[in-house]
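# Examination of the molecular architecture
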4 protein chains.
Amino acid sequence: RLFFYSTSSVKNMDEILTRTLDSLPSYETREKSPPPPESSSLEFIQFYRSLDKSQRPAFLAKLSSDFGVDHKCVAELAANVMDSQKRDISTVLQAEDRLRYCLTPRYKVLLNHISRVEGGVKFLVDLKADVIEFLASKTNDSPHIRDLNGTLKSMLSEWFSVGLLSLERVTWKSPCELLQKISQYEAVHPVRNWTDIKRRVGPYRRCYVFTHGAMPGEPLVVLHVALKEEISDNIQTIVREFSSLDSVEDINRVNAAVFYSISSTQPGLQGVELGNYLIKRVVRELQGEFPHLNQFSSLSPIPGFTNWLLGLLNEQRKEGPSNRILSDMEFMDIEEITGGRAYETMQKLLSTNEWVSSERLVKALEPALMRLCAWYLYGEKHRGYALNPVANFHLQNGATMWRLNWQADTSPRGLSASCGMMVNYRYFLQDTSANSGRYLRTKEIEASDQIRNLVLQFQKASKL
Amino acid sequence: RLFFYSTSSVKNMDEILTRTLDSLPSYETREKSPPPPESSSLEFIQFYRSLDKSQRPAFLAKLSSDFGVDHKCVAELAANVMDSQKRDISTVLQAEDRLRYCLTPRYKVLLNHISRVEGGVKFLVDLKADVIEFLASKTNDSPHIRDLNGTLKSMLSEWFSVGLLSLERVTWKSPCELLQKISQYEAVHPVRNWTDIKRRVGPYRRCYVFTHGAMPGEPLVVLHVALKEEISDNIQTIVREFSSLDSVEDINRVNAAVFYSISSTQPGLQGVELGNYLIKRVVRELQGEFPHLNQFSSLSPIPGFTNWLLGLLNEQRKEGPSNRILSDMEFMDIEEITGGRAYETMQKLLSTNEWVSSERLVKALEPALMRLCAWYLYGEKHRGYALNPVANFHLQNGATMWRLNWQADTSPRGLSASCGMMVNYRYFLQDTSANSGRYLRTKEIEASDQIRNLVLQFQKASKL
Amino acid sequence: RLFFYSTSSVKNMDEILTRTLDSLPSYETREKSPPPPESSSLEFIQFYRSLDKSQRPAFLAKLSSDFGVDHKCVAELAANVMDSQKRDISTVLQAEDRLRYCLTPRYKVLLNHISRVEGGVKFLVDLKADVIEFLASKTNDSPHIRDLNGTLKSMLSEWFSVGLLSLERVTWKSPCELLQKISQYEAVHPVRNWTDIKRRVGPYRRCYVFTHGAMPGEPLVVLHVALKEEISDNIQTIVREFSSLDSVEDINRVNAAVFYSISSTQPGLQGVELGNYLIKRVVRELQGEFPHLNQFSSLSPIPGFTNWLLGLLNEQRKEGPSNRILSDMEFMDIEEITGGRAYETMQKLLSTNEWVSSERLVKALEPALMRLCAWYLYGEKHRGYALNPVANFHLQNGATMWRLNWQADTSPRGLSASCGMMVNYRYFLQDTSANSGRYLRTKEIEASDQIRNLVLQFQKASKL
Amino acid sequence: RLFFYSTSSVKNMDEILTRTLDSLPSYETREKSPPPPESSSLEFIQFYRSLDKSQRPAFLAKLSSDFGVDHKCVAELAANVMDSQKRDISTVLQAEDRLRYCLTPRYKVLLNHISRVEGGVKFLVDLKADVIEFLASKTNDSPHIRDLNGTLKSMLSEWFSVGLLSLERVTWKSPCELLQKISQYEAVHPVRNWTDIKRRVGPYRRCYVFTHGAMPGEPLVVLHVALKEEISDNIQTIVREFSSLDSVEDINRVNAAVFYSISSTQPGLQGVELGNYLIKRVVRELQGEFPHLNQFSSLSPIPGFTNWLLGLLNEQRKEGPSNRILSDMEFMDIEEITGGRAYETMQKLLSTNEWVSSERLVKALEPALMRLCAWYLYGEKHRGYALNPVANFHLQNGATMWRLNWQADTSPRGLSASCGMMVNYRYFLQDTSANSGRYLRTKEIEASDQIRNLVLQFQKASKL
């Protein structure tokens, strides 16, 4: 039955692709062709949505390879362009224009028509999410799919350019639909109930989203801000502090804006810069509301640090007596406190979060974990850029790696991710633009003295 | 002083173009380059807006020629593409991708950045209007400007695709800003005062606009609809009927939706199909509201008919006794009524609208003017399509040329434009899609028996 | 310390009452006195809110007795009115007007001023709630307090008259603040989570509230409606049915509107008829939306039935062998099934809801419980009106006691309240007005044949 | 025919009054009576609206006399109250309560029911306007009608108390319906077209209204404010200044808020203080927006001055040579300039506004007109309060008569009203409350030195 269904749907695929894509106009008739009826786009959407996840890769493969660029035509027109070089500019431009038209994948025209029907843009965002997933899982890695990915990305980048986005402040009076989605999308510090979310849109808090006309009611990126007297070094004082739930904001107590959570909601918009723009817009918004506000900083998680450290410990154990992670002193301290072998014990205690129950241990581990974490953030790289994705995001935006905070998130989640540490990426507004450019070009990380010192300590301790 | 200013601004042009455009990333670094600061786009906008209308053509010429496509690079990459033909598909695709990147005019990247700042999209729409105007007035007709025009058009087409447009019904409770703009943009049947516009959004009327997230508060196309018991043959009963201003709509009296005015408001969006889509959306909206409503038709002006006829009369007069416009009977009738020479008199009376004061003359002229007008609409062509732009618009949408109405608009405006006649283009919903395709491909006009008969009469009378 | 505080606050009371109330204008100067400054009303509000619950009765006692009506003045003016009887009508009217002014408690003027400041109306609603509570708990039952109660009630009745209320439909797009309050106020069928409340505002459901300009964002009465093919006999199919959460409403499947929950949110508005008006407005609203909808009914809980029955059983047990509750047959059946003594067992099983686990017992008890419950609703009275408050509410509104439903609410809550039964009060629109009048005047209950038959069976069985 | 109609409608009157009013409940049954059906109130409304203006007085007379207070019952209950004096307080209170109930006119209950139906409150406001008009025109001055007037006033005062009013800022984005009404209601400085009204809601201007939940979309009072660097002395710079139409407000240039127009829109709300409260709310609103703003003043017209002066001149002319209006010097100057007899000439020139064409005359008249006008505002009284209604309004609000401005409104309207002068009533916020009380009690006018000096000059000149 499955086989039969699958065949039939493949047959449908051909049919539907042929029908929708064969009628695309030639260069000559491109201005004289009425757009296909909306029903055709709607049918395409419905067909794709009806496909099983397992059937989609084949469909996308077919779409991207059979209905992409006509290479023969490209080659011919490329020849024309070369021939035209010695002719007048008008001829050159026309040859180029034809070539450009021919270089546009045929499916792009289809995708454009789809974008015009109701729900079409949202469909393409979801389609892009599929493509990303298939590429990542290697179920469907072909040059054609990568081309499709690129085409979709450039289309989405245009539609989701900032001029078309609306900034919306979310309050307790915002539609429930919106608040529920925000609660559900909140990945960084999960929302547990009405009071939790009410807190995040209440006094001394701000919550902003970008929405888009083509996806009404759908928040695309969500930014949570706490308004504080100084830059926070602890997340619980932000998300678990309910005392001020009914208080009236005192403008004189607002000196720092702390971005404590930023979440993208559409996997299909990965690679389309929204978070960066949202932060910039929100900064402007907050400056309008609080003219004297001048400290802007994130309070960010450090996902991956604990795992990275456990890997390091593992390696260390295997490679024997060399002593790169702990100083001799620390090593002995820990063995004394735990009564076991330092690395093994650490491995065990870190993976269960048990170490935090021992005050002595916490104290003993602090210097080591701080310098290790600073190194993890500053020194570990992927293609030359910061390995940690949150760090990379803020550094690309032009922020400075500003302060590492001990016991900043002592929730189980925070301990598992980063031994309870969090980091502030600070936005010095006059420098972000230059920082961003430098980081992108030179991969050099802008960091504060605290971070640099910790890194130095790490380098000394580990004899790097 | 003027000379100096002009020089200085030309110098500024170079400077500003070089500064904003030289830093554009290469193919290799295109993903790693942060966008230029917003201030750069804002500066460009401000600079262009500060230019005198007379200085703009030179600026646009420079922009489009010096910062367009790098032809040398294109030629090289075209050679690469040709060379890659025998290699694996991955190599082909990559060569094509590079070529595609290189074929993108450099100014397109700039325009994209501009679209992202506040007010940027509106700026590009206005820029496009300038380009159209310069091309039309031949002040600035160069292949490069035409290329710029094409680039802008394709960009605007994407941003103003229907998925990004919002349909809004305008009522007397809509923002005054919106209603005032609608009044001011109304080109077809001018709005004179508050009561006039109140009437057009009151009972038995609908007014819809498309708006766009990037241009808030700005109606892009406006469609006025009258809800009638039957398809109207007279415009005064629509725009000058105030008796029902406070009445409550009786759903049973709504059998026909008459589109009596459609106006585009943004010259820069010429060529971006909005009116067509607005009509379709409104039809759907009305069907939702009045499930039994099934007659849809325009009541449209016929701009240009009187002028065309006066030209014909002139020709006729010069070319002598042949008698193509009036039948012998008509000719004699008119000479008798007016006591003058038929064509000369007609020319005079038609150009002053005086003929309508004589009931006899009105009666005598009716058959001739009706068949002449039917011919004008149906038979006169521009590049094979209907010469009359309103006719061409509705025919492209798939409407049928349905009924020519005598004394349908007896306002001075209506008489001057088309001797008081108006025409209904009727939308038979099940046929519009097919009609539209046929008209675009074959240029064949779908017309009712009334129209066809009038055309036949004309052909007989004029011995064509 | 407490004593001291209390004294001090009593001193404050005197002070504040004297200050705010002594300056009230006389009859002669009433038009010439500017209102007291708002600060004075705000001070009063703040002072009262700062009082401990235990201090409020004393304050209210003082306010109502020392700042009410000046009895001496009333007596004098009453004498004047009597004297004026033989004089001209103008004199009579003036004497009456003075008397009327004097009969107005002085605190009423204060309360009026309070109503004018921001938050003032809400304060008076809360004050009224205190008064009601104190009267009910006998902590503060004095003729003066009862007068204050009456004055407040008449004031609130005017401000909360229907013309000043706004009907609002609540949807998933309504402000979160509103939906959270509705969730929290829902007393009849508690809301457990987001999905629960989303269901209640989703397809085939309607939720309406009355709001009031003086208490923005505060729902005053909430009515939940289910749109059904027929009048529901079971609540779980309404509040636990999530299958249709994303479905699109099919107008042809909407034949009955079932009011399955109505809650007042402001204890202080007890006695101000809002629920009645809300039902009427909603009926009108629904008729506008679904012209063919013509069945309107509640699906209502029967709070108090189980308790009433347990009392009856207790009495029965004490009073011995007479057999009013069960027929002989039923009596024996139950003894057989349970193996215990019928009334004792029933008492035990009903108070623990255990009886529902035995299918046989459920079957055996059905006829008896149905007729007992019908009697409870129809026959048990308080001051001549239906004892059950829900019944009394709907009967006053003019509804008919229409159908008693077995196993209509098998939640623990439903079993504890009414052995799982629920009742439909049906609104026959053309009769409600007459029914309402008759019930209020004659206390006669309008009931369906089903109910009447059950009552007859009860009367026969119990030999009443 | 008219007679017949009138009879028939009088018959209807009796019928409708009897039907709606006879069924009102007694004291005993007042809590047990369902409200009459809404249809009854709607019928009453419809009937009254259908009456000719000429028929209404008779109807109102009947309503107020036959369905008012039952005097016999009042007398009896008054006797009861007197008898109860020696009994316990509970008996006293009850007797008073019955008497209070009986003193309530029966029509008040009807009016209350009317207020509850849709459009009912608006109906009562319009009814009140009729009553005021009839009382003013003496067509219907009876003690009963005056009583009805008082009853309606107290009811409307409660419903239109500030807690139930919403402050709304009107902008160019406000509903057209609202802006059109505001344009139409603007009585002080008429609005001529879209640009005029756009100016009044544009930059450096504020427009606020009070609206009421029971009359949605209807502005009740409208206040226009200009934001200025200093308190304006000329109205044309406010209503005819369009240069700043598109400018962006510079907060540093906003030092003074000038109330240049305040209009009530509902004649029926005359006597219900709304303007006063609106000014206070707006002051608070503006202080919120511009924390440093501290000058608040009206720029007010002086309706009636020219007429008053013409009357004075007439008197003067008749009474002969005494010379109270002009000093000898002035007298001679004017005779010299005009070449005519001073008073006759002035009378003629002032009534035609011709005097402004002569610069010399304008100069010569300035001192006299200024001191005369100051006297008119300050010295002329009605029942002891300022005769000029605008002055009386602002003085009751606690403003200070601050500055008289020469050539402040040189429009024909301004010249006809007050020889082109206008006056600022300034609101010194810390004093308004005290000023208001003093003025109301002692009728003493708070005025600036400028005003006092002008008054002194007048008194000296006129030898008062």
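Residues numbered from 1 in each chain as written. Chains lettered and ligands numbered in written order. Predicted model: local features only at pLDDT ≥ 70, side-chain atom pairs only at ≥ 80, totals over all residues. Heavy atoms only, no water.

### Remarks on the packing of aromatic side chains
In this structure the tally under the stated criterion is 62 aromatic pairs over all chains. An angle of 55 degrees between the planes, with centres 5.8 Å apart, marks the rings of F305(A) and Y376(A) as tilted. Of the two residues, F305(A) is situated in helix α13 (residues 305-319) and Y376(A) in helix α16 (residues 359-379); the sequence distance between them amounts to 71 residues. Measuring from centroid to centroid gives 5.3 Å for W308(D) and Y376(D), while their planes differ by 45 degrees, and the two rings are tilted. Of the two residues, W308(D) is situated in helix α13 (residues 305-319) and Y376(D) in helix α16 (residues 359-379); the sequence distance between them amounts to 68 residues. Taking relative accessible area as the criterion, W308(D) reaches 15% and is therefore assigned buried. By relative accessible area, Y376(D) is classed as buried at 4%. Put simply, the rings of F44(A), F47(A), Y48(A), F59(A) and F123(A) pair up and form one aromatic cluster. Over the ring of Y277(A) we find K280(A), and its NZ or CZ is 5.9 Å from the ring centre. (Phe/Tyr/Trp six-rings, centres within 6.5 Å; stacked < 30°, edge-to-face > 60°. Helix = DSSP H or I, 4+ residues; strand = E, 2+ residues; numbered from the N terminus. Buried < 20%, exposed > 50% of the residue type's maximum accessible area, 1.4 Å probe, protein only. Lys NZ or Arg CZ within 6 Å of the ring centre and 35° of its normal.)

### Topic: the relation of the copies chain B and chain D
Relative to chain D, chain B is turned by 179 degrees and slid 0.1 Å along the rotation axis, the superposed coordinates differing by an RMSD of 0.1 Å. Seen this way, the second copy is the image of the first under a two-fold rotation axis. With an isologous cut-off of 70% or more, the 100% of interface residues of chain B that recur at the interface of chain D puts this contact in the isologous class. (Least-squares fit on C-alpha atoms with pLDDT ≥ 70 in both. Contact = heavy atoms within 4.5 Å.)

### Side note on the nonpolar core
Ranked by internal contacts, the top residues of the largest apolar core, which has 225 residues, are F160(A) and F160(B). Setting aside its immediate chain neighbours within four residues, F160(B) contacts V121(B), V125(B), L165(B), H212(B), M215(B), L220(B), L269(B), V272(B) and L274(B). Residues L395(C), L164(D), V254(D) and L395(D) belong to the second largest nonpolar core, which totals 224 residues. (Core = buried A, V, L, I, M, F, W, Y, C linked by side-chain atoms within 4.5 Å.)

### Brief notes about the relation of the copies chain B and chain A
In the superposition of chain B on chain A (RMSD 0.1 Å, axial shift 0.0 Å), the rotation amounts to 180 degrees. An overlap of 100% is found between the interface residues of chain B and their copies at the interface of chain A, pointing to a shared contact surface.

### Remarks on the sheet that holds strand β5 (residues 295-298) of chain D
Residue and element names in this part refer to chain D. Strand order in this open sheet of seven strands is β1-β2-β3-β4-β5-β9-β8, and the pairing throughout is mixed. The open sheet has two edge strands with one neighbour each: β1 (165-169) and β8 (400-405). Going from strand to strand, the sheet's axes swing by 30 degrees on average, the running direction of each strand aside. With four bridges connecting them, strand β4 (residues 256-264) and β5 associate as parallel partners. Residue A257 lies in a different strand from β5, and its bridge partner there is F296. Strands in contact with α16 are β8 and β9 (422-427); relative to β8, the strand with the most contacts, it is inclined by about 155 degrees. (Pairing = 2+ DSSP bridges. Axes fitted to C-alpha atoms, helices over the stretch in contact; angles between N-to-C directions.)

### Remarks on unusual backbone geometry
Negative phi is the rule for most residues except glycine; trans is the rule for most peptide bonds. For K443(A), which is not glycine, the phi dihedral falls at a positive 65 degrees. By the element assignment, K443(A) lies in the loop between α19 (429-442) and α20 (449-461).

### Observations concerning the packing of helix α14 (residues 328-338) of chain B against helix α15 (residues 342-352) of chain B
Residue and element names in this part refer to chain B. Remark: α14 packs on α15, axes separated minimally by 9 Å, with the N-to-C direction vectors making an angle of 65 degrees. By the angle between their axes, α14 is roughly perpendicular relative to α15. As α14 packs across α15, the resulting crossing turns out to be left-handed. For the pair α14 and α15, contact is made by F331, I334, E335 and T338 and by A342, Y343, T345, M346 and L349, respectively. (Parallel < 35°, antiparallel > 145°, perpendicular 65-115°, else oblique. Left-handed = near helix turned anticlockwise from the far one by under 90°.)

### Examining helix α16 (residues 359-379) of chain B
Given 3.6 residues to a turn, an α-helix orients residues that are three or four positions apart in the same direction. Residues and elements named next belong to chain B. Its 21 residues give α16 an end-to-end C-alpha distance of 29 Å, which sits within 8% of 30 Å, the value for a rise of 1.5 Å per residue. The principal kink in α16, of about 45 degrees, is found at E366, preceding the proline P367 by one to four residues. With respect to burial, α16 is a largely interior element, 16 of its 21 residues being buried. (Expected span 1.5 Å × (residues − 1). Bend = angle between axes of the 7 residues up to and from the residue.)

### Describing the interface of chain B and chain A
On the side of chain A, 54 residues touch chain B, which itself brings 54 residues to the contact. Regarding the contact of chain B and chain A, the summed buried area is about 4,700 Å², with carbon and sulfur atoms giving 57% of it. Inspection of the chain B/chain A interface yields zero salt bridges. Counting across the interface, chain B meets chain A through eight residue pairs in polar contact (both at pLDDT 80 or more). Listing elements by their share of the side of chain B that touches chain A, those giving two or more residues are α4 (71-84), α5 (89-103), α6 (106-116), α8 (143-159), α12 (275-289) and α19 (432-442) of chain B. (Buried area = accessible area lost by both parts, 1.4 Å probe. Salt bridge = Lys/Arg side-chain N within 4 Å of Asp/Glu carboxyl O. Polar contact = N/O pair within 3.5 Å; in protein donor to acceptor, adjacent residues only side chain to side chain.)

### Digging into the interface of chain B and chain D
Each partner contributes residues to the interface: chain B has twelve residues there, and chain D has twelve residues. Overall, the association of chain B and chain D removes approximately 1,200 Å² of surface from exposure, summing both partners, and the carbon and sulfur fraction of that is 66%. Counting across the interface, chain B meets chain D through two salt bridges. K173(B) is paired through a salt bridge with E177(D); the nearest N and O atoms lie 2.7 Å apart. For the interface between chain B and chain D, the tally reads six residue pairs in polar contact (both at pLDDT 80 or more). Mapped onto the side of chain B that touches chain D, the elements with two or more residues apiece are α9 (176-185) and α10 (194-200) of chain B. In terms of residue count, α9(B) provides more of the side of chain B that touches chain D than any other element does, five residues in total. Partitioned by chemical class, the residues of the side of chain B that touches chain D number six nonpolar, three polar and three charged. (Nonpolar A, V, L, I, M, F, W, Y, C, P; charged D, E, K, R; others polar.)

### Observations regarding the side chain of S84(D)
Residue and element names in this part refer to chain D. By secondary structure assignment, the location of S84 is in helix α4 (residues 71-84). Residue S84 is classed as buried on the basis of its relative accessible area of 4%. When sequence neighbours within four positions are dropped, the list of residues in contact with S84 reads T91, V92 and A95.

### Considerations on the state of the cysteines
Such a bond, covalent and formed between the sulfur atoms of two cysteines, is termed a disulfide. Residue and element names in this part refer to chain A. Tallying each qualifying case throughout the model produces four disulfides over all chains. Across a sulfur-sulfur distance of 2.3 Å, C73 and C102 are joined as a disulfide pair. Taken together, the residues span a long stretch of sequence, with C73 in helix α4 (residues 71-84) and C102 in helix α5 (residues 89-103) at a distance of 29 residues. C102 gets classed as buried once you look at its relative accessible area, which sits at 10%. (Disulfide = S-S within 2.5 Å.)

### As for the pattern of salt bridges
Taken as a whole and assessed by the stated rule, the structure comprises 74 salt bridges over all chains. We note a salt bridge from D130(C) to R56(C), for which the minimum N-O separation is 2.9 Å. Residue D130(C) is found in helix α7 (residues 120-136), and its partner R56(C) is found in helix α3 (residues 56-66); the two are separated by 74 residues along the sequence. Notably, a salt bridge pairs R200(D) with E186(D), separated by 2.9 Å at the nearest N-O pair. Here E186(D) lies in the loop between α9 (176-185) and α10 (194-200) and R200(D) lies in helix α10, a separation of 14 residues in the sequence. Neither R200(D) nor E186(D) differs from the other in exposure class; each is buried. The network of salt bridges with common partners includes K53(A), R56(A), D130(A) and E133(A).

### Some words on the domain arrangement of chain A
All names here are of chain A. With domains assigned, chain A is organised as domain 1 (2-69 + 104-159), domain 2 (163-298) and domain 3 (305-461). The gap between the C-alpha centroids of domain 1 and domain 2 is 35 Å. Tallying the contact residues gives twelve residues for domain 1 and eleven residues for domain 2. Together, the buried faces of domain 1 and domain 2 total about 910 Å²; carbon and sulfur atoms form 66% of this surface. Here domain 1 and domain 2 share zero salt bridges between them. Our enumeration of links across domain 1 and domain 2 arrives at two residue pairs in polar contact (both at pLDDT 80 or more). Those elements giving two or more residues to the side of domain 1 that touches domain 2 turn out to be α7 (120-136) and α8 (143-159). (Domains from an automatic or database assignment.)

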